[in-house]
Amino acid sequence: ENIKTNIHEAIDRAKLVLGISAPTLSTKLRLGGVHTLAGGKDSYDVIHQAIPLFGIQKDELRKKLGGAILEREVLMGTGMGKGIAFHHPRNPIAVKDIPEFISVCYLDTPVDFGAPDGIAAFCTIFLVSSSAKSHLETLSAMGRLCKQEAFVKLLEKRSGIEELIDYIENQR
């Protein structure tokens, strides 16, 4: 049982043995923060405004992340509905200099991200993960949160980081 043939399973097992836990949603949100953007005419404007706010020091890494998020956006709109969009790379990208994070960005001007309900987004949530497993878990968890009326109301009133984290941590 201690020998794993899948590298991701081996890494997860090693983290368990070493007592290293995966970052929580709250930890990821603290790293990514809450921001306000002007909005724009399309997703490209929003992504270009957001990338510099994520605290990534190296220009080449900001370009890499921005390119990966734009590449995902080309595949399909990221509007989730209720005025919320999720922006994320298609593949895990977090590395030493780009940690896993969640960033909530409120838009001064709503943008159409192709949501099924046709509502332009007033809020976009950026998700960056280090593994496929973490990516899917984070997407799923944020998707569940965004189905909760109370959480959506917090986003609608442009709540700050502490109020959002308080809500997330009290969902357990």
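Everything below is about the structure shown above.
Residues numbered from 1 in each chain as written. Predicted model: local features only at pLDDT ≥ 70, side-chain atom pairs only at ≥ 80, totals over all residues. Heavy atoms only, no water.

**Q** I keep staring at the sheet that holds strand β5 (residues 121-128) and nothing clicks. Help me out?
**A** Strands belonging to one sheet form pairs held by backbone hydrogen bonds; the direction of such a pair is parallel or antiparallel. Pairing is mixed in the open sheet, where five strands are placed in the order β1-β4-β5-β3-β2. A single partner strand is all that each edge strand has here, and the edge strands are β1 (34-37) and β2 (79-81). Averaged over all adjacent pairs, the angle separating strand axes in this sheet is 25°, with direction ignored. Pairing analysis gives seven bridges linking strand β4 (residues 101-111) to β5, with the strands arranged antiparallel. Note on β5: the bridge partner recorded for serine 103 is phenylalanine 126. Across the sheet, helix α2 (residues 25-32) touches β1 and β4, and the angle it forms with β4 is around 60°. (Pairing = 2+ DSSP bridges. Helix = DSSP H or I, 4+ residues; strand = E, 2+ residues; numbered from the N terminus. Axes fitted to C-alpha atoms, helices over the stretch in contact; angles between N-to-C directions. Contact = heavy atoms within 4.5 Å.)

**Q** When you look at the pattern of salt bridges in this model, what are you seeing that I'm missing?
**A** It is possible for side chains of opposite charge to pair when their charged atoms get near one another. Counted according to the given criterion, the structure contains eight salt bridges. Among the salt bridges present, the one from lysine 63 reaches aspartate 59, with a minimum N-O distance of 3.2 Å. Linking lysine 63 with aspartate 59, this pair stays in helix α4 (residues 59-75), spanning four residues, or about one helical turn. Residue class for lysine 63 comes out exposed when judged on its relative accessible area of 59%. For the salt bridge of glutamate 163 with lysine 157, the shortest nitrogen-to-oxygen distance reads 3.0 Å. For glutamate 163, a relative accessible area of 34% puts it in the partly exposed group. Since its relative accessible area comes to 53%, lysine 157 is described here as exposed. Because the salt bridges share partners, they merge into one network encompassing Asp59, Arg62 and Lys63. (Salt bridge = Lys/Arg side-chain N within 4 Å of Asp/Glu carboxyl O. Buried < 20%, exposed > 50% of the residue type's maximum accessible area, 1.4 Å probe, protein only.)

**Q** What is the right way to look at the packing of aromatic side chains in this model?
**A** All told, the structure shown has three aromatic pairs when counted by the stated rule. Here the aromatic rings of phenylalanine 151 and tyrosine 167 are separated by 5.6 Å at their centres, their planes lie at 40°, and the arrangement is tilted. Residue phenylalanine 151 is located in helix α6 (residues 149-156), and its partner tyrosine 167 is located in helix α7 (residues 161-169); the two are separated by 16 residues in the primary sequence. Note on accessibility: phenylalanine 151 and tyrosine 167 belong to one class, buried. Following the ring pairs from residue to residue traces out a cluster consisting of Phe54, Phe101 and Phe126. (Phe/Tyr/Trp six-rings, centres within 6.5 Å; stacked < 30°, edge-to-face > 60°.)

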